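# Fold and contact review
Now for the letters of each chain:
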Amino acid sequence: KEDCFTPTGLVSHTPVEAHKVLRMGGLSSKDAEDSFATCGKNEINVYVPGILESLLREFADFTYVFNSIGTWSYMVYSSWNIGIFWLLLTLGSGIMRSLFIVRPNQKKIRQLAQLHTKCEVLRDGSWTTLEARELVLGDIVAVDDGSQVLPCDGVVIQGSLVVNESMLTGEPMPVQKMPVENSQQASVTKKNIAYAGTSCLQSSGPRNGKAVMIAKAVGALTTRGQLVRMVLFPTSVRFKYNDQLPKVYQIIVVYMLILVAIYSSPLVDLGSWIATYLMVLNTIAMCLSPMLPVSMVMGQSVTARRLEKEHQINCLQPGRIPIAGKISTMVFDKTGTITKDGMDFSSVLPIQEARFCEEVSFDEGDGTAKGDTSSTAESRLPSRMRHAVACCHTVTTLRDGELVGNQVEVSMVRTIGWSIDGDFVTSPCGKDRLEVIKKLDFDHCRMTSGAVVRCTSTGRTEVYVKGSYEKIQSISSPASTPADYDEVTQRFAKEGFYVLGVASKSLPAGLTEQQVADLSRDSLESGLGACGLLLFRNEIKTDSAQAIMELRDGAIRSVICTGDNALTGISVGRQSTVVGPGRVLLADLGAGGRLEWRGPHP
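It should be emphasised that the depicted structure is a prediction, and the values quoted were computed from it without experimental measurement.

Within the protein chain one finds 21 helices and 26 strands. A total of 602 residues make up the protein chain; the buried ones form 41% of that total. A sequence separation of at least 24 residues applies to 66% of the contacts in the protein chain between residues at least 6 apart. For the protein chain, the accessible area works out to roughly 33300 Å², and carbon and sulfur atoms hold 56% of it.

Looking now at the environment of Ser411. Relative to the helices and strands, Ser411 is located in helix α15 (residues 407-416). A C-alpha to C-alpha distance of 6.8 Å links Ser411 and Met343, two positions 68 residues apart in sequence. Excluding its chain neighbours within four sequence positions, the residues that come into contact with Ser411 are Met343, Asp344 and Phe345.

With that settled, consider the state of the cysteines. Tallied over the full model, the rule gives zero disulfides. Cys392 takes part in no disulfide bond, and the closest cysteine sulfur to it belongs to Cys391, at a distance of 8.4 Å. By relative accessible area, Cys392 is classed as buried at 2%.

Below, the discussion takes up empty space enclosed by the protein. If you walk through the whole model with that rule in mind, you get three cavities of 30 Å³ or more. In this model, the largest cavity occupies a volume close to 80 Å³. Breaking the lining of the largest cavity down by element, the ones donating at least two residues are β1 (118-123), β3 (140-143) and β4 (148-149). If you tally residues by element for the lining of the largest cavity, the top one is β3, at three residues. Here the lining of the largest cavity is built from residues that sort into seven nonpolar, two polar and two charged. One number sums up the size of the second largest cavity: a volume of about 50 Å³. The wall of the second largest cavity is formed by Cys391, His393, Val395, Ile420, Gly422, Asp423, Val425, Val436 and Lys439. A per-class count over the lining of the second largest cavity returns five nonpolar, two polar and two charged.

Cut-offs and rules
- Residues numbered from 1 in each chain as written.
- Predicted model: local features only at pLDDT ≥ 70, side-chain atom pairs only at ≥ 80, totals over all residues.
- Heavy atoms only, no water.
- Helix = DSSP H or I, 4+ residues; strand = E, 2+ residues; numbered from the N terminus.
- Buried < 20%, exposed > 50% of the residue type's maximum accessible area, 1.4 Å probe, protein only.
- Contact = heavy atoms within 4.5 Å.
- Areas by Shrake-Rupley, 256 points an atom, 1.4 Å probe, with all protein chains shown as cover.
- Disulfide = S-S within 2.5 Å.
- 1 Å grid on protein atoms, 1.4 Å probe; cavity = no way out; pocket = protein on both sides within 12 Å on 5 of 7 lines; lining within 4 Å.
- Points joined across faces, edges and corners; volume = space filled by probe spheres on them.
- Nonpolar A, V, L, I, M, F, W, Y, C, P; charged D, E, K, R; others polar.

So, in structure tokens, the structure goes:
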């Protein structure tokens, strides 16, 4: 990594290096000055041209130059009144576009890019208050809450944050940011990174109750700066419709050349070479009319307005409307698109002595659980399964008591009824109190997440791992897995349940928190025993089937793309009519990279 190129304005600290900077009292004044001289101010500069420059940029375009030739030809040669009308139309449209549309939008972007706030920074071993634009790479920053906008991209090293990342993802759901561990085995993930421009809803940590992070990106290289860059310089989208427009112009050019040849030949005598010149010029101006693309854009704008007014369909890219008639396939995400946004924690199926126990239901329709799910969990769940459900998540609470985190986990924690206080979770009756000493963030490659917890009363340290039921089966010892594990899990998946597996193991007594932090993920996820299954119900939206049928009537094929279990996807597909009543085949990658097809039944 030392030989890799890193743009000025970015720095990547390892977890150990980040904690070392904090222990050393932050950057020294000299290091901060050197970094400031290299990277400049922590601000995003958006250039807005003046009035005269805006007009010059607008009218220097070839479209206006070519249009003015036809305008002056009309005024001098034939219809002066039409020429004056064209001239006023050209000037009015150019002035309106440059001074009343483009320039005001540029001013808005510049205003949005600016950040006027102050923050606490650790330098030379003491905390000081600085303007956000004076931050440099490697600064230790204490994060304020109360919807305070973060001044830079940073890695959380102490405390925790709850941020609103809607400006990045469009989803207003609060997201928790956890501190990176001071360990060689740890790595910085998106769960540890807070992004510039996001709002901090809650900050908790050792610095006067505030979390502490280290700046890893400043200025235009922050996530906020990249968004501003995308607005100013959007990625071009190519469509066959636009690519074939030059062919239309080629046909018009051929037609124009034929007319020019006729006017230039002896067959047509206009009386003077000046008249012939002006006629040829007008012919070129009429055939290659600059108003043609303007007319197309106007048609798209009118269409967009009609869609909004008559069908309540908003279109942010009117240029893509003509492409709508060419759509042949629509690909839908499952959760939150075809199904409802949240999931209901339905039930738990514990495993003891390699056998499935009686299912513990939390559905509202179940009379034993209705209105008192926490007592149901306390009385009917085995202790390991109860502790796993209470600790194996990344949910936290805001000061008003609202649960924040993954919606699946929020539903689980709300049902179990345990209270969360920082790194401690407590049972509703107060009998059990567990300390979470290490969290295992969800890993897409492993398909697991988990936690290492210590019981405050017994001192025992346990590892709990949660993930897809296939993955939990593969990392659990065969002796702890029921013989009918595949049959039971696939049955629930076919019924439309979102099925997760849970496994656990005990760690040797006497391990310190640092020793636990230094344990690798592989060692923590080895030698586990299966604990049980978690079942979540995700119902489809009431209008999903109707929308799919309307697409089918328009000869548009619908496809579900999901990361959930394939059997669950088939169940949702049948309910929403994406999957027909016929036979469904599943494909696995076999030996030699060939696809092997099989039925959904084992």
